[in-house]
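Residue-level structure breakdown
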Amino acid sequence: LEWKRILFSISLFHAVIQDRRKFGPLGWNKMYDFTDGDLGICIAQIKMFLDTYDEIPYSVIRFLCGEINYGGRITEVQDRRLISTLLQKFVTPDVLAVGYNFSDSGIYCTPSVTDIKGFLKVISELPAVPQPEIFGLHENADITGAQNQTSELFSTILAMQPRMSVSGSVGQTEAFIINSCMDMLSKLPNEFFMDEVYAKYPSVYNESMNTVLTQECSRYNDLLMTVNVTLKECLKALKGLVVMSPDLEMISVAVYDNQVPEQWCVKAYPSLKSLSSWVMDLLERFKFVNDWISNGKPKVFWISGFFFPQAFLTGTLQNYARKNNMPIDTISFNFAILGREEDNEEEWVDDFDGCCVRGMFVEGARWDYDAKALGESRPKELYTDMPFTWLYPTQNRKPPVSGVYHCPVYKTLTRQGLLSTTGHSTNYVVSIELPSILPEAHWIARGVALFTSLT
């Protein structure tokens, strides 16, 4: 009987991790190809342990499943944390008890039946379309899954549309592209004068933010130059003044489809925005950097405006280490989430340690101002603003073991990026400890994360 109930539990676990993929990045950061072979080896190992040992080694089973059989496919740190958390629910002595609930509603529970026909009958009576609760997700996850499927469908339809030639005489399509290019060129700001920036913010030992600022200016200048040159060349090609090369045709098609051209993406920061929104966002970013240059270091930093936010955070730690003559490898961030009354940039002073940031959004949960902790999302509210967050460096800090959720911060909603030498995705920025009344496992299963940019 033990064998049958554990078999039911591990099979349900396999179905859960397979079906979480339909929720996109909310389910898994990357789409892993879990197979029936992974389940088969887990079942064989569990049967071997049951036949060999008097006491079932649940911790060993969890390790083999989460770190080797399934975990061998997982490359993202946060996904490895997720599968270990899910296994805590499905591989535990409690699954042997009749009525053990795998979900809050009690629809999915350990059945009282003892034969194969009984188990098959129980399985056939389960919902054909499972609710997000069995996956550990909020009910809003259904909306996210539907949006992902719709977006994928429309992208496929758009890719299959016949393309009008963008060379030759100026027609309706070409006129639209020309107007769009001219409109973008009229909005683009001037490049930063690097000599003036270096003169006003020289590279000095006690202020790493100067180096961060000059690096940001240099990156934005490279991007702006690429956008300027390609748009002007595209206009010339559309008017027949130069040859329409494949690269220029790709830019023309992207402008017509309101998508960011691939040539720009190579030079740009990660973004999922459409072209019109991307241009407005670029202007906001230039304004943020310009205000910094003109008015000095801001009291509250718009973290979404950084090309490379990791350098900004490292600069903050470096400033504190040099100010207090401490080794930087002994320093890490402590966190404070501010309330509504503190959510005002004008009230902040300039001489506090660390940095105060704004511009983050939370998915899968919301910030409860009354409880001053993470709270459940409201219905149909997929993303909410995060209040001002103070990151202050502390030496030899011991992270709390309970009462917080270690929430990853990503640049975009895809969460996925290239695997870096740190073991994290290049999309990953930092993890922030958010106060929580509920156990951390609850929010891990929810897929809660912070983002510096939405679509």
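Given the structure is predicted, the values throughout are model-derived calculations rather than measurements.

We now examine the pattern of salt bridges. This structure, assessed with the given rule, holds 17 salt bridges. For the salt bridge of K297 with E207, the shortest nitrogen-to-oxygen distance reads 3.4 Å. In this pair, K297 is assigned in the loop between helix 12 (275-295) and strand 1 (300-302) and E207 in the loop between helix 8 (194-200) and helix 9 (208-238), connecting sequence segments 90 residues apart. Assessed through its relative accessible area of 40%, K297 is described here as partly exposed.

Attention now goes to the sheet that holds strand 10 (residues 428-435). Strand order in this open sheet of five strands is 7-4-11-9-10, and the pairing throughout is mixed. Because the sheet does not close on itself, it has two edges, and the strands there are strand 7 (383-385) and strand 10. Looking at each pair of strands side by side, their axes are set apart by 30 degrees on average, direction ignored.

F13, Y70, F102, W278, F312 and L450 are the most contacted members of the largest nonpolar core, which has 113 residues in total. Counting residues per element, this core draws most heavily on helix 9, which supplies 13 residues. Ignoring sequence-local partners within four residues, the contact set of F312 consists of M209, V212, F301, F306, C355 and V357. Counting six residues, the second largest nonpolar core, distinct from the first, contains Y410, Y428, A449 and L454.

Here we take up the sheet that holds strand 8 (residues 389-395). Strand order in this open sheet of four strands is 1-3-8-2, and the pairing throughout is mixed. For this open sheet the edge positions go to strand 1 and strand 2 (331-337), each flanked by a neighbour on one side alone. Averaged over all adjacent pairs, the angle separating strand axes in this sheet is 35 degrees, with direction ignored. Relative to strand 3 (residues 355-358), strand 1 is paired through three bridges, and the arrangement is parallel. Across the sheet, the residue bridging to V300 is C356, located in strand 3. In the packing of helix 13 (residues 309-323) onto the sheet, contacts are made with strand 1, strand 2, strand 3 and strand 8, and the angle to strand 2 comes to roughly 110 degrees.

Attention shifts here to the packing of aromatic side chains. Overall, the coordinates contain 32 aromatic pairs when judged by the stated rule. On the basis of an interplanar angle of 50 degrees and a centroid distance of 6.4 Å, the ring pair of F8 and F102 is categorised as tilted. Of this pair, F8 sits in helix 1 (residues 2-19) while F102 sits in the loop between helix 4 (77-90) and helix 5 (116-124), placing them 94 residues apart in sequence. Of the two residues examined, F8 and F102, each falls in the buried class. Their ring planes at 40 degrees and their centres at 4.6 Å tell us that W390 and Y392 sit as a pair that is tilted. On the basis of relative accessible area, Y392 is assigned to the partly exposed category, the value being 24%. Aromatic rings pair up to connect F8, F13, W28, Y32, F34, Y70, F90, Y100, F102 and F119 into one cluster. Between the NZ or CZ atom of K47 and the centre of the ring of W3, over which it lies, the distance is 5.8 Å.

On to unusual backbone geometry. Even without being glycine, K372 reaches a positive phi, approximately 55 degrees. Tracing the sequence through the fold places K372 in the loop between strand 5 (366-368) and strand 6 (373-375). A positive phi angle is found at R415, which is not glycine, with a value near 65 degrees. Inspection of the secondary structure assignment puts R415 in the loop between strand 9 (404-410) and strand 10. With relative accessibility at 3%, the residue R415 sits in the buried group.

A separate point is the confidence of the model for the chain. Summarising the model, the chain shows a mean pLDDT of 88, and 94% of its residues fall at 70 or more. Within the chain, no element has a lower average pLDDT than helix 6 (residues 141-160), which sits at 86, and none a higher one than strand 11 (residues 449-451), at 94.

In contact at an axis separation of 11 Å, helix 2 (residues 36-52) and helix 3 (residues 58-69) are set at 160 degrees when each is read in the N-to-C sense. It follows that helix 2 is roughly antiparallel to helix 3 by the angle criterion. Viewed along their axes, helix 2 and helix 3 form a crossing whose handedness is right-handed. Across the interface between the two elements, D38, I41, C42, Q45, I46 and F49 of helix 2 pack against V60, I61, L64, C65 and N69 of helix 3. Considering only residue class, the contact of helix 2 with helix 3 consists of eight nonpolar, two polar and one charged.

Turning to the environment of L434, a few remarks are in order. Relative to the assigned elements, L434 resides in strand 10. Sequence-wise, L434 and R415 are 19 residues apart; in three dimensions their C-alpha atoms are separated by 19 Å. For L434, the contacting residues outside a window of four places in its chain are I337, L374, M386, G403, V404, Y405, C407 and L450.

Helix length check: helix 1 (18 residues) gives 26 Å between terminal C-alpha atoms against 26 Å at 1.5 Å per residue, within 8%. For helix 1, every residue scored as buried is listed here: R5, I6, F8, S9, I10, L12, F13, H14, V16, I17 and Q18. On its buried face, helix 1 is in contact with helix 2, helix 3, helix 4 and helix 5.

Right, let's talk about the pairing of strand 3 for a bit. When strand 3 meets strand 8, the two strands line up antiparallel, connected through three bridges. When the sheet's bridge partners are listed, C355 is paired in strand 8 with L391.

Let's shift gears to a nonpolar patch on the surface. Together, I116, L120 and I123 make up an exposed nonpolar region whose accessible area comes to about 320 Å². Residue placement: L120 occurs in helix 5.

Within the secondary structure layout, G315 lies in helix 13. The sequence separation of G315 and G354 amounts to 39 residues, and the corresponding C-alpha distance is 9.7 Å. In this structure, G315 is in contact with S208 and M209, ignoring residues within four places of it in sequence.

Quick notes on the rules
Residues numbered from 1 in each chain as written. Predicted model: local features only at pLDDT ≥ 70, side-chain atom pairs only at ≥ 80, totals over all residues. Heavy atoms only, no water. Salt bridge = Lys/Arg side-chain N within 4 Å of Asp/Glu carboxyl O. Helix = DSSP H or I, 4+ residues; strand = E, 2+ residues; numbered from the N terminus. Buried < 20%, exposed > 50% of the residue type's maximum accessible area, 1.4 Å probe, protein only. Pairing = 2+ DSSP bridges. Axes fitted to C-alpha atoms, helices over the stretch in contact; angles between N-to-C directions. Core = buried A, V, L, I, M, F, W, Y, C linked by side-chain atoms within 4.5 Å. Contact = heavy atoms within 4.5 Å. Phe/Tyr/Trp six-rings, centres within 6.5 Å; stacked < 30°, edge-to-face > 60°. Lys NZ or Arg CZ within 6 Å of the ring centre and 35° of its normal. pLDDT = per-residue confidence, 0-100. Parallel < 35°, antiparallel > 145°, perpendicular 65-115°, else oblique. Left-handed = near helix turned anticlockwise from the far one by under 90°. Nonpolar A, V, L, I, M, F, W, Y, C, P; charged D, E, K, R; others polar. Expected span 1.5 Å × (residues − 1). Patch = residues over 30% accessible without salt bridge, like charges linked within 9 Å, V, L, I, M, F, W, Y side chains within 5 Å. Areas by Shrake-Rupley, 256 points an atom, 1.4 Å probe, with all protein chains shown as cover.

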